[in-house]
Amino acid sequence: MTPGGRHLVLVGLMGAGKTTVGNRSAQQLDRAFVDTDDIVEALAGMRVAELFAIAGGEAKFRDFEHQAVADACASPAPLVISTGGGAVVDAENRNRLAAAGFVVWLRAPVDVLATRLADDSDRPLLAGDAPASLSRLLALREHIYEAVADVAIDTQERSVDDVVTAVVDAYCGVTQ
Ligand code: S3P
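What counts, and at which threshold
- Residues numbered from 1 in each chain as written.
- Predicted model: local features only at pLDDT ≥ 70, side-chain atom pairs only at ≥ 80, totals over all residues.
- Heavy atoms only, no water.
- Helix = DSSP H or I, 4+ residues; strand = E, 2+ residues; numbered from the N terminus.
- Rg over C-alpha atoms; globule rule 2.2 N^0.38 Å.
- Buried < 20%, exposed > 50% of the residue type's maximum accessible area, 1.4 Å probe, protein only.
- Contact = heavy atoms within 4.5 Å.
- Areas by Shrake-Rupley, 256 points an atom, 1.4 Å probe, with all protein chains shown as cover.
- Lys, Arg positive; Asp, Glu negative; His and termini not counted.
- Charge placed at Lys NZ, Arg CZ, Asp CG, Glu CD.
- Expected span 1.5 Å × (residues − 1).
- Disulfide = S-S within 2.5 Å.
- Near = heavy atom within 4 Å.
- Polar contact = N/O pair within 3.5 Å; in protein donor to acceptor, adjacent residues only side chain to side chain.
- Nonpolar A, V, L, I, M, F, W, Y, C, P; charged D, E, K, R; others polar.

On to the overall build of the chain. Of regular secondary structure, the chain possesses 8 helices and 5 strands. Reading the secondary structure of the chain in the N-to-C direction produces β-α-β-α-α-α-β-α-β-α-α-β-α. In terms of overall dimensions, the chain is globule-like: its C-alpha atoms have a radius of gyration of 15 Å, near the 16 Å expected for 176 residues. Considered along the principal axes of its C-alpha atoms, the chain spans approximately 45 × 35 × 25 Å. Each of the 176 residues in the chain was classed as buried or not, and the buried ones make up 44%. Long-range pairs, those at least 24 residues apart, make up 75% of the contacts in the chain between residues at least 6 apart in sequence. Within the structure as shown, the chain displays about 8400 Å² of accessible surface, and the carbon and sulfur contribution to it stands at 51%. Separation of charge centres in the chain, based on 15 positive and 25 negative side chains, amounts to 3 Å.

Below, the structure written as structure tokens:
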């Protein structure tokens, strides 16, 4: 049922639903779920937002994220891996995820992402004008998500259940 024991990897911008959809997909596939941001927090001993706030914070965060991606990919048991939105910007992360997993890009327009994140205070890169930051990040990253993903799944105006079904079906090779 699972494609060669590969991990199921979710990529996409903040607000795409990677954690929610990843958790639920893992339940359906009866396997463990990991979120690279959680691994970063465990490695760093602090919250992502706290890490960004210290001197050189984003660079330190990216180092921990690099380790988190390597740790998750190295699991002998296939996992569902939710990645932080910027994880695939690093070529080594990208190659590692693509080699070890089936990569799904969860996609939504910026206004949808901004609405979902309207009450969020946990994402340092969105401090200030969140829609403008999301637009800038999408412009920088869209081609990267597209290149690394085996499949892109649109999430706007769809229930979580519907997206989970699409993700699991794509992973299991069911024709959409
Ligand atoms: C980031 C996304 C966040 C988190 C960090 C940086 C990014 O994860 O890794 O704040 O660069 O897009 P989510 O995409 O899970 O929100």
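With a phi angle near 55°, Asp 30 is a residue other than glycine that sits in the positive phi range. As for its placement among the helices and strands, Asp 30 is situated in the loop between α1 (18-29) and β2 (33-35). A positive phi angle is found at Glu 157, which is not glycine, with a value near 55°. Relative to the helices and strands, Glu 157 resides in the loop between β5 (151-154) and α8 (160-171). In this structure Glu 157 comes out as exposed when scored by relative accessible area, which is 86%.

In this section: helix α4 (residues 57-73). Relative to the 24 Å expected for 17 residues at 1.5 Å per residue, α4 spans 24 Å between its end C-alpha atoms, a close match to the ideal helical length. Buried within α4 we find Gly 57, Phe 61, Glu 65, Ala 68, Val 69, Ala 70, Ala 72 and Cys 73. On the buried face of α4, the contacting elements are β1 (7-11), β2, α2 (36-44), α3 (48-53), β3 (80-82) and α5 (91-100).

What follows concerns the state of the cysteines. One pass over the structure, following the stated rule, counts 0 disulfides. Counting only cysteine sulfurs, Cys 172 is the nearest neighbor of Cys 73, a cysteine outside any disulfide, at a range of 19 Å. On the basis of relative accessibility, which here comes to 21%, the residue Cys 172 falls in the partly exposed class.

Inspection of the region around the ligand gives 13 residues, with Lys 18, Asp 37, Arg 62, Arg 123 and Arg 141 positioned closest. Here an oxygen atom of the ligand and a side-chain polar atom of Arg 62 are 2.7 Å apart. The backbone of Gly 86 places a nitrogen or oxygen atom 3.3 Å from an oxygen atom of the ligand. In isolation the ligand offers 390 Å² of accessible surface; the protein chains occlude 97% of this area. Partitioned by chemical class, the residues of the shell around the ligand number 5 nonpolar, 3 polar and 5 charged.

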